[in-house]
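Coordinates in review
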Amino acid sequence: MIFSQLPTVAALIAAVTALSAQPPAATPTRADILRGAYGPYRANNDLLFYHLDVRVDPEKKFLSGKVTIRFKMLQDATRIQLDLHAALHVDKIVLGDTTLKYERDSGAVFVDFPETLRAGRTYSIEFYYSGNPVETGRFGAITFKKDPAGHPWINTACEGTGASVWWPNKDQWRDEVESMEISVSIPHDLVDVSNGKFMGKTDLGDGYTRWDWLVQYPINNYDVSLNIGNYQHWADRLGDLPLDFYALPENLEKAKKQFAQAKGMLEAYQHYFGEYPFQKDGYKLIEAPYSGMEHQSAVTYGNRFANGYLERDWTGVGISPRFDFIIIHESGHEWFGNSITAADVSDMWIHEGFTTYLECLYVEYMWGRDDGLKYTNGYKSRVRNLQPIITPRGINKEPPQDQYFKGALFLNTLRSVVNDDARWWTLLHDFYQHFKYQNIMTEDVVRYFNQQTGMNLTPVFDQYLRHPTLPALELKWDEAAGTVAYRWKADEPGFQMPIRVGTKDHWQILQPTVEWQTMKTPLKKAEFEVATDLYFVTVSKL
Ligand SMILES: [Zn+2]
């Protein structure tokens, strides 16, 4: 996902005022906890497979269908938790011939079994549902629109709100199915593009056609998507990887030109991280009526077929106009967000911080290191440092926008701390390969980076991710003695991080800690520089 828009000055002032007034943190609601916590009725089972089989009536804005849910029990139990938005009706839930009882509690559906489900055994239930889903959240979650020519145009984008706004599932981040089938029945003159490999379509004989898709990898619930419209399709390949593109007929020529950027993007990311994660499912790019979303193997696009982001120079340093921000950003999520997924929304920087950093890597791959750094540092103006990037766990609390820009600037800092680009590229590549297709938390990231570098980077990760304030390098001159004293001012008591200081042509690496140290320097206070393009820190010359 991308951050939607620049805050107005008034909004910024309001945010700062609100912060200085120190309101009590909002208490999570029961609904937040039911959605956000990995409670006992979620933890007692492991998802294996969904088959979402849904019929979509564009005129009535009505969904009806069923989801087959296959799961393995991890403990003996008689109850599991699924989720479905209160606006949708539970028609019935069955295990074989047995109709199951259930209890609804805000968005949760607790399903009760008449006999104990046994640990280690696999079960499959069918959850029938119907109703008019509500349009809610930033992109509407599911919207029933018309395209400019008047054809139905129905799209989903439900990250944040949760996929249970339009279909029943175990709506959390920790557990994913291993594979999924998606069957979408729609009026015969429309096209559905969902995730995975297109398996074929079947005329249902009643004016509707069913489109079948097969997802051959683990998938997040919020990545599961419908894109129903009067789409035109064209295909291409990158080596063995099938590329499929979809746009409205009136935008076809513009889309063909703009979507050609997908190849360079894929080449850049494959260079850094290895093979595109969903090779068997292919890569799709689909026009949608909102700015864009990282739906797995079916990235949606609404960036007006122009470079930059919604025709703006996104980082304000003249580099964004060279490429289409939505193609580059949303597709980067195939590696970070879709393949590697955070196990709790609290640690969503693993999606957004890394993917924003992937933009920086794309720029470096295409135009070199200097432009990469310039683009990266262009993000500084967007960082607020008002709240930690990692939010409390278990309450479905999305992190602040610093997860994007500060997240990327932190990773750029980490590269400078590692201070060996060959090692950094290997580290990044191996980190991705080690955790691909897994759901992880920040602790897993930190442990891996510590093990691979032999450094104790925990206080560095913690300072950037778990505190609002940047580390500050304090410098104090004694010009008579020709010395400068230096230390880090940071919230983490054990914070220490090397940093380059001196002059641009002759950086020297200092090893400051939170204790004062002193060194000789011929440089006067005004001449003494800190490599703040390479490290995201504040500098106080005392
Ligand atoms: Zn994103």
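Since this is a predicted model, take the numbers as computed values, not measurements.

Helix length check: helix H10 (residues 421-435) (15 residues) gives 21 Å between terminal C-alpha atoms against 21 Å at 1.5 Å per residue, within 8%. Those residues of H10 lying buried are Trp424, Leu427, Leu428, Phe431, Tyr432 and Phe435. Looking straight down H10, one finds that the buried residues subtend no more than 125 degrees of arc, so they occupy a single side. Those residues of H10 that are buried are in contact with helix H5 (261-273), helix H7 (349-367), helix H9 (402-418), strand S22 (439-440) and helix H11 (442-453). Downstream of H10 by one or two residues, Tyr437 has phi in the positive range, about 65 degrees.

What follows is about the sheet that holds strand S9 (residues 141-146). Taken in spatial order, the 4 strands line up as S9-S10-S15-S12 in an open sheet, and their pairing is antiparallel. Either end of the sheet is taken by a strand with one partner, and the two such strands are S9 and strand S12 (191-192).

Moving on: the layout of surface pockets. Remark: the empty space left among the atoms is shown by a probe the size of a water molecule rolled over them. The space that makes up the second largest pocket amounts to roughly 280 Å³. Forming the walls of the second largest pocket are 18 residues, and the residues nearest its centre are Arg35, His85, Gly107, Thr161 and Ser164. At the level of secondary structure, the elements contributing two or more residues to the lining of the second largest pocket comprise helix H2 (30-36) and strand S3 (77-83). Across the lining of the second largest pocket, the residue classes tally to 6 nonpolar, 10 polar and 2 charged.

Turning our eyes to something else, we now look at the confidence of the model for the protein. Regions with low pLDDT should not have their predicted coordinates read in detail. Per-residue confidence for the protein gives a mean pLDDT of 95, with 96% of residues at or over 70. Scored below 50 in pLDDT, residues 6-23 shows 6 contacts in the model against residues more than four places distant or in partner chains.

Okay, empty space enclosed by the protein next. Overall, the coordinates contain 3 cavities of 30 Å³ or more when judged by the stated rule. Of the voids in this model, the largest cavity is the one considered here, and its volume is about 80 Å³. Forming the boundary of the largest cavity are 13 residues, of which Asp171, Gln172, Trp173, Asn221 and Tyr222 lie nearest the centre. Residues of the lining of the largest cavity, tallied by class, amount to 3 nonpolar, 5 polar and 5 charged. The space that makes up the second largest cavity amounts to roughly 50 Å³. Tyr357, Cys360, Leu361, Glu364, Arg369, Gly372, Leu373, Thr376, Asn412 and Arg415 together form the lining of the second largest cavity. For the lining of the second largest cavity, the secondary structure elements donating two or more residues are H7, helix H8 (369-378) and H9. When the residues that make up the lining of the second largest cavity are grouped by side-chain class, the tally is 4 nonpolar, 3 polar and 3 charged.

Calculation rules
- For every chain, the first residue of the written sequence is number 1, and numbering continues from 1 onward in sequence order.
- Local features in this predicted model are restricted to residues of pLDDT 70 or higher, and side-chain atom pairs are both shown and tallied only at a pLDDT of 80 or more, whereas totals for entire chains, interfaces and linings draw on every residue.
- With hydrogens and water stripped out, all remaining heavy atoms of the structure feed into the side-chain values.
- Numbering of helices and strands runs from the N terminus, with a helix taken as a DSSP run of H or I at least four residues long and a strand as a DSSP run of E at least two residues long.
- Multiply 1.5 Å by the residue count of a helix minus one, and that product is the helix's expected span.
- The buried label applies to any residue whose accessible area, calculated with a 1.4 Å probe on protein chains only, is under 20% of its type's maximum; exposed applies above 50%, and partly exposed to all values in between.
- In this description, one arc is meant: the one made by directions from the helix axis to the C-beta atoms.
- It only takes one pair of heavy atoms within 4.5 Å for two residues to be counted as in contact.
- Note on pairing: two strands pair once DSSP finds at least 2 bridges between them.
- Whether a set of points on the 1 Å grid over the protein atoms alone is a cavity depends on a 1.4 Å probe fitting there but being unable to get out, while an open set qualifies as a pocket with protein on both sides within 12 Å along at least five of seven lines; lining residues are those with an atom within 4 Å of a point.
- Grid points are joined across faces, edges and corners, and a volume is the space filled by probe spheres set on the points.
- Only Asp, Glu, Lys and Arg are considered charged in this grouping, and only Ala, Val, Leu, Ile, Met, Phe, Trp, Tyr, Cys and Pro are considered nonpolar; every other residue, Gly among them, is considered polar.
- Confidence of the predictor in every single residue is expressed as pLDDT, which spans 0 to 100.

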